[in-house]
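Descriptive structure summary
Here's the letter readout for the chains.
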Amino acid sequence: MKYSASDIEKWLILPDIHLPYMDMKTMSVVEQYMEQERFDGWLCLGDLLDFNEISRFNEDSPRRKTELVKQTFEAGNTLLDRHQKIIRKNNKKAKFVYLEGNHEYRVEDYMDKHEELTGMLEVESNLHLEERGIEWIRNWSKGDLYTLGNANFSHGLFTNQYHSAKMAARHGACIYYGHTHDVQEMSLAMMGSDKTIVGKSLGCLCDYNQKYLKGNPTNWQQAIAVFYIFPDGFYTEHTMRIFKHRFATMDGKIFDYENT
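Now for a look at the structure at hand. Every chain is numbered independently, its residues counted from 1 as its sequence is written. Per-residue local features of the predicted model are confined to residues with pLDDT of at least 70, and side-chain atom pairs are confined, for both listing and counting, to 80 or more; whole-chain, interface and lining totals are unaffected and use all residues. Excluding hydrogens and water, the side-chain figures rest on all heavy atoms present in the structure.

1. With respect to helix H1 (residues 24-36)
Runs of E in the DSSP output that reach at least two residues are strands. Runs of H or I that reach at least four are helices, and both are numbered from the N terminus. By this rule the span expected of a helix is its residue count minus one, scaled by 1.5 Å. Between the first and last C-alpha of H1 there are 19 Å, a value that for 13 residues agrees with the 18 Å anticipated at 1.5 Å per step. When H1 is considered as a whole, its buried residues turn out to be Thr26, Met27, Val29, Val30, Glu31, Gln32, Tyr33 and Met34. Counting of polar contacts relies on pairs of N or O atoms within 3.5 Å, with two restrictions inside protein: one atom must be capable of donating a hydrogen and the other of accepting it, and residues adjacent in sequence are counted only when both atoms are side-chain atoms. The opening residue of H1 is Asp23, an N-cap whose side-chain oxygen sits 3.2 Å from the backbone nitrogen of Lys25. Buried residues are those whose accessible area, probed at 1.4 Å on protein chains only, stays under 20% of the maximum for their type, while exposed residues exceed 50% and partly exposed ones sit between those limits.

Below, the structure is given as structure tokens:
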């Protein structure tokens with residue numbers, strides 16, 4: 001069967017952003033790209049928000065924590081406002097999907113310890129996801145996946161050396177995720193034609209220079225991905241690694257912070 005461009009859905013996939021610890025230069029370049037392309041969907045793989053202020057590693061007072069959480073939500077709303085404006089400028093019907101990551105789940109953990117805050121700190125209500133028309137996927141707490149054709153999306157589960165192979169084997173299906181902040185892929189060709197299981201992590205968009213890293217090396221890799229979904233469920237995936245706040249698309253367009 002012949003397909004035309006209008007038959008194929010084009011989705012932008014954004015891995016771990018970790019507001020307010022986002023790499024602002026890199027995100028500005030990604031947004032340049034967003035402005036020049038038409039997408040049918042925007043998918044965040046989780047950890048849009050970091051919530052370091054309420055992690056077990058932070059011992060600030062409850063009052064201070066609440067103030068910082070408010071600032072994190074403000075940063076999240078600002079980014080979502082901007083991205084929805086950009087994406088829907090080129091496609092008013094574009095879908096928005098947001099997977100729950102382990103960092104979003106920090107809010108649930110914190111409310112379990114401070115029940116008086118229940119109803120005040122939930123991600124869904126504070127980011128106005130329903131009003132925005134953003135689908136909220138309970139991935140970290142319930143294991144729910146988001147599916148586009150034969151591609152499944154998760155925040156991620158494992159951080160071992162060969163996590164992509166473990167994700168593919170555990171799910172028994174093509175699975176793409178964040179969580180590890182690196183780009184790693186493992187594919188398993190199954191018996192029969194056109195039967196391949198892929199596990200792939202898609203990097204991150206946070207700043208590499210986090211204080212808690214204390215200058216130590218990591219395997220972190222900034223990247224974004226674009227998925228082209230055919231009506232029969234098969235798809236083409238392009239991962240664009242980002243170095244020095246710069247990347248090139250498959251058709252040779254260059255997006256560079258130095259040119260902003």
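2. Focus on the sheet that holds strand E7 (residues 175-177)
Read across the sheet, 5 strands follow the order E5-E6-E7-E9-E8 without closing on themselves; strand pairing throughout is mixed. At either end of the open sheet lies a strand with only one pairing partner, and these are strand E5 (146-148) and strand E8 (183-189). Between one strand axis and the next, the sheet turns through 15 degrees on average, direction left out of account. By the bridge criterion, 7 bridges tie E8 to strand E9 (residues 196-202) in an arrangement that is antiparallel. Paired with Ala189 across the bridge in E9 is Thr196. Note on pairing: DSSP must find at least two bridges between two strands before they are called paired. Orientation is described by axes fitted as lines to C-alpha atoms, over the contacting stretch for helices, and by angles from 0 to 180 degrees between their N-to-C directions.

3. Points about a nonpolar patch on the surface
Patches draw on residues past 30% relative accessible area with no salt bridge. Two like charges within 9 Å are joined, as are two nonpolar side chains (Val, Leu, Ile, Met, Phe, Trp, Tyr) within 5 Å. Values of accessible area rely on a 1.4 Å probe in the Shrake-Rupley scheme; residue burial ignores everything except the protein chains shown. Here a salt bridge means any side-chain nitrogen of Lys or Arg lying within 4 Å of a carboxyl oxygen belonging to Asp or Glu. A grouping of Met186, Leu188 and Met190 is seen on the molecular surface, where their side chains present a nonpolar patch of about 230 Å² in accessible area. Relative to the elements of secondary structure, Leu188 occurs in strand E8.

4. So, the pairing of strand E3 (residues 95-99)
Most of E3 sits inside the fold, with 4 of its 5 residues counted as buried. Relative to E3, strand E2 (residues 41-44) is paired through 4 bridges, and the arrangement is parallel. Bridging across to E3, Cys44 finds its partner in Tyr98. One ladder, built from 4 bridges, connects E3 with strand E4 (residues 134-137); its direction is parallel. Its bridge partner lying in E4, Leu99 is registered against Ile137.

5. Some details on unusual backbone geometry
Cis geometry is found at the peptide bond from Leu19 to Pro20, where omega equals 10 degrees. Take Pro20: it is sitting in the loop between strand E1 (9-14) and H1. With phi around 55 degrees, Asp47 is a residue other than glycine that occupies positive phi space. Residue placement: Asp47 occurs in the loop between E2 and helix H2 (62-90). Unlike most non-glycine residues, Lys244 shows phi in positive territory, near 55 degrees. Residue position: Lys244 is located in the loop between strand E11 (235-241) and strand E12 (246-248).

6. Some words on the sheet that holds E3
Read from one edge of the open sheet, 6 strands run E4-E3-E2-E1-E10-E11, paired in mixed fashion. At either end of the open sheet lies a strand with only one pairing partner, and these are E4 and E11. Neighbour-to-neighbour, the strand axes of the sheet open up by a mean angle of 20 degrees, direction not taken into account. Sheet topology note: the E1/strand E10 (residues 223-229) ladder contains 5 bridges and is antiparallel. Opposite Leu12, over in E10, you have Val226 as the bridge partner. Against the sheet, H1 makes contact with E1, E10 and E11, and its axis sits at roughly 170 degrees relative to E1, the strand it touches most. Contacts are assigned to residue pairs with any non-hydrogen atoms lying within 4.5 Å of each other.

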